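Inside the fold
Chain residues, written in single-letter form:
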Amino acid sequence: QLEYRPQDIERKWRKRWQETGAHRVREDSGKPKYYCLDMFPYPSGSGLHVGHWRGYTISDVWARYKKLQGYEVLHPMGWDAFGLPAENDAIKKGIHPAVSTARNIANFKRQLEEIAAMYDWDREINTSDPSYYKWTQWLFTKMFEMGLAYRKKMPINWCPSCKTGLANEEVIDGECERCGTPVTKREMEQWMLKITAYADRLLRDLDKLDWPDKVKRMQAAWIGRSEGAKIRFAVAGVAGAEIEVFTTRPDTLYGATYMVLAPEHPLVARITTDAQRPAVEAYVAETLRKSAVARQIVDKTKTGVFTGAYAVHPLTGARIPIWIADYVLMDYGTGAIMAVPAHDERDFDFAKAFDLPIVQVIVPAGEDGAQAGETGVGGGAAAALTAAYTGPGRLVNSGPFDGMDNEAAKKAIIEELARRGCGEAAVTYRMRDWVFARQRYWGEPIPIIYCDRCGTLPVPEDQLPVRLPDVERYEPTGTGASPLAAIESFVRTTCPRCGGPARRETDTMPQWAGSSWYFLRYADPHNDKEPFGREAVRKWLPVDMYIGGVEHAVLHLLYARFFTKVIYDLGLIDFDEPFQHLFNQGMITLNGAKMSKSKGNVVSPDDLIARFGVDALRMYELFVGPPEEDAEWNTNGLEGVSRFLHRFYRLVAAHAKSPAPARPALQKLRHRFLHTLHERMESFRLNTAVSAFMEYINALYDEAEQGGLDRDTLETLAVTVAPFAPHLGEELWEMLGHETSVFEARWPAYDERWLADEEVEIAIQVNGRLRARMVVPADAPEADVVARAKAHPDMGVWLDGKDVVKAIYVPGRLLNLVVR
Ligand code: ANZ
Ligand code: ZN
């Protein structure tokens, strides 16, 4: 058979793999392990397009490459099946989410199987399956017992269209991430996870990870650690009232000329004077209607109202007015600030808008103190500053701290505050606790029972899972309560402690719950006694290579890291970071736009497979561009790759039956190819790995005319192409007479000795005159060439008794020795 017929070959090997269980992971192989994981998909209603193929192909090529390197490779696949998309989809089509999800999974699985990835389907997991979510619930009960899950009444983001609460991260520019409706606020009791208790570890441990810098930076920014101080100001004339502020600039304390409370701050009602009350109340009501995002825009016109109350400066005793303004957020720091208009832009704008005093307390190094002094306490010369000065410098107008460097002053002022008992060093995080509840149907029921006598209790392990009941109407109620609240038989239960009547929690877990620990479950997917066996997890985890889209750079990866740390603290695992390497593939675009169903620019793999075969499509998915960059789809490029695979096949087929003896030229080509391929694979330049094949095949066509191809060359081709084009690799391997799978073979090693470059003849000059010629390796380092030249038999007469004071080497051409 001299013609490449991808459809026949692919059908044949697909069947063979199925029959032999080729993709089953063997726990007892004794090989070192390698865990190569894809971010598992939501089984949405729309199918896979060639853009989705890219990440799955990259990870499969990598997994198969590792297998050929001798690893036992875990490369599993499953379904992130709970959550809004499945639910909204189901609502739209009027089909129960369980039914539509099952249908979508079947369809997705069929499409994923086309990729011919080596997924071990025996390890498939589905987060909406009770046998899985039992353990998601169990982990929640553990977090509850650890004090990490708690309930809090809080204003939540509310989408009036989806009729559901939204996590902060589901609010994009003040709008619902899913439907674009402006988000409002609503007070509700919510289950929260105390991820902030892990903020420091989540930040610090980023250092341990071999991840793209960009992703680490995004995580660090999300965590948002700020170092500074908490400072307490007494409220004049209101006994016991104290305002605590968080500041990153305690060095500017003497420049605090007013205070600002967030409008929602609990002290507002208490300290507001009667005269100011109507204005304050009106402003508070107005603020509650605005989103956090709208409030934070730096250059928006500042608004605010004076409360009528004054705070007492902790070091000077000065009375400073207390305002409320919406640029101070209730859920950051302490919800209150000391305003330093001279050194903070937002405070500066506010002070200008409301004619509040501006006192400069930091001057840049080199600027003379007298000038700054003119600024004067009380803002007499406020006009001296036209903008806030936010840089470093020396302190002025700061009593005993005058003249001090501002960094040193931070410490000194904190010490002074601590001595007086009104402040201390503090760290604040931008990250908030995780709202871990939705008032929706399609999620894991939160396993909590409320008993009037015994309080809030976790559902005991032997009563898990709390199954999601069948409901008639799974649409959101719109009242804020979950649809589960309407099912009496679900809500009513017995207290696990006293046996009396009790009620179940009716909220469900958020989108991200199931995906926060699924990578652990793959190690031991059928365990019904525990979420995973310790030994299994110790064997397979951490994940060696995690591949997925950069859109998960923050939330999914942060939540998964958080769960892993909690599970580590529970003593169930002995590592606290789940993903050692992370790789984010770029998107496939068409006409410059991201390929997506909503944009209507989707290229479906089906007809491409029919025309070119799966192997060509896989190969093209890699060849399309550097894997981490976005790449433009071009079906002509796929045709080119397909032609190349035809050439590849024909070349091996032509020589497989009667290989020639190995010639040095073939050996050299082979080792050089293996070396190039190795370098490109190890640096994950998979697109250039494909071009290495193309160059090699071209060279081999020429070389074959000189007297055929040897067996090593032919076998090398079959084995190395196998990760990329697995069916082709198997077929060629079989053609070469092997009875076992090509994936039982070993990735061939290169031999350094064949890598030395061509030899070149160079001229040796002495003081510019040609004295001899010699042959050296083209890539020989200068020192070697000089040494050889000195030892050259013809050079003695020119060099004896002389000093070589300088050597000028022009590689490939000449060496000039300057002698004296
Ligand atoms: C006084 C001061 C002087 C400040 C100065 C800055 C510059 P990051 O770095 O983001 O943590 N702040 C504190 N809590 C706030 C809140 N709830 N809403 C709005 N602003 C708040 O910023 C910390 C700074 O942001 C704090 O330091 C505080 O203003 C302000 F020259 O205090 B600063
Ligand atoms: Zn009870």
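Please read all numbers here as calculations on a predicted model, not as lab measurements.

Here's the deal with the site of ligand 1
Around ligand 1 lies a shell of 18 residues, among which S226, T247, R249, G333 and H343 are the nearest. Those elements that place two or more of their residues in the shell around ligand 1 are β11 (242-247) and β15 (336-339). When grouped by side-chain class, the residues that make up the shell around ligand 1 number eight nonpolar, eight polar and two charged.

Describing the sheet that holds strand β9 (residues 184-193)
With antiparallel pairing, four strands are arranged side by side in an open sheet as β6-β5-β9-β19. Across the chains shown, the open sheet's two edge strands, defined by having one partner strand only, are β6 (164-166) and β19 (434-435). The pairing of strand β5 (residues 149-159) with β9 spans ten bridges and is antiparallel. Paired with N157 across the two strands is K185, which belongs to β9.

As for the nonpolar core
If you look at the biggest cluster of nonpolar residues, it comprises 156 residues, and the most contacted ones within it are M619, L645, A718 and V721. For M619, the contacting residues outside a window of four places in its chain are V641, L645, V690, F724 and A725.

A closer look at the sheet that holds strand β25 (residues 579-584)
In space, the four strands of this open sheet follow the order β2-β1-β24-β25, with parallel pairing throughout. Every other strand in the sheet has two partners, leaving β2 (72-74) and β25 as the edge strands with one partner each. Across this sheet, the average inter-strand angle for adjacent strands is 20 degrees, counted without regard to direction. Alignment of strand β24 (residues 543-548) against β25, held across five bridges, turns out to be parallel.

What about the UniProt feature "binding site: ATP" (unreviewed entry) in the chain?
Here, the residues flagged by UniProt with the feature "binding site: ATP" (unreviewed entry) are K597. Position of K597 among the secondary structure elements: in the loop between β27 (593-594) and α18 (605-612).

Focus on the packing of helix α19 (residues 614-623) against helix α20 (residues 635-656)
Packed helices, taken two at a time, are described by the angle between their axes plus the distance between the axes. At a closest axis distance of 9 Å, the pairing of α19 and α20 adopts a crossing angle of 120 degrees. By the angle class used here, α19 and α20 are oblique. For the crossing formed where α19 meets α20, the hand is right-handed. Residues D615, A616, L617, M619, Y620 and F623 of α19 pack against G637, L638, V641, S642 and L645 of α20. Here the contact of α19 with α20 is composed, by residue class, of eight nonpolar, two polar and one charged.

Concerning the packing of α20 against helix α23 (residues 711-721)
Their axes nearest at 10 Å, the elements α20 and α23 cross at an angle of 145 degrees. Crossing angle aside, the handedness with which α20 passes α23 is left-handed. On α23, the residues touching F648, V652, H655 and A656 of α20 are L714, L717, A718 and V721. For the contact of α20 with α23, the residue count by class is seven nonpolar, one polar and no charged.

Observations concerning the domain arrangement of the chain
Annotation of the chain at the domain level lists domain 1 (138-199 + 435-504), domain 2 (225-429), domain 3 (634-754) and domain 4 (759-819). A separation of 70 Å is found between the C-alpha centroids of domain 2 and domain 3.

A look at the environment of F563
Here F563 lies in helix α17 (residues 555-569). Here the alpha-carbon distance between F563 and E577, two residues 14 residues apart in the chain, equals 9.5 Å. Those residues in contact with F563 that sit more than four places away from it in its chain are S516 and W517.

Calculation criteria
- Residues numbered from 1 in each chain as written.
- Chains lettered and ligands numbered in written order.
- Predicted model: local features only at pLDDT ≥ 70, side-chain atom pairs only at ≥ 80, totals over all residues.
- Near = placed C-beta within 6 Å.
- Helix = DSSP H or I, 4+ residues; strand = E, 2+ residues; numbered from the N terminus.
- Nonpolar A, V, L, I, M, F, W, Y, C, P; charged D, E, K, R; others polar.
- Pairing = 2+ DSSP bridges.
- Core = buried A, V, L, I, M, F, W, Y, C linked by C-beta atoms within 7 Å.
- Buried ≥ 20, exposed ≤ 12 C-beta atoms within 10 Å, placed from the backbone.
- Contact = placed C-beta atoms within 7 Å.
- Axes fitted to C-alpha atoms, helices over the stretch in contact; angles between N-to-C directions.
- UniProt positions renumbered as here; feature names shortened; annotations may be inferred.
- Parallel < 35°, antiparallel > 145°, perpendicular 65-115°, else oblique.
- Left-handed = near helix turned anticlockwise from the far one by under 90°.
- Domains from an automatic or database assignment.

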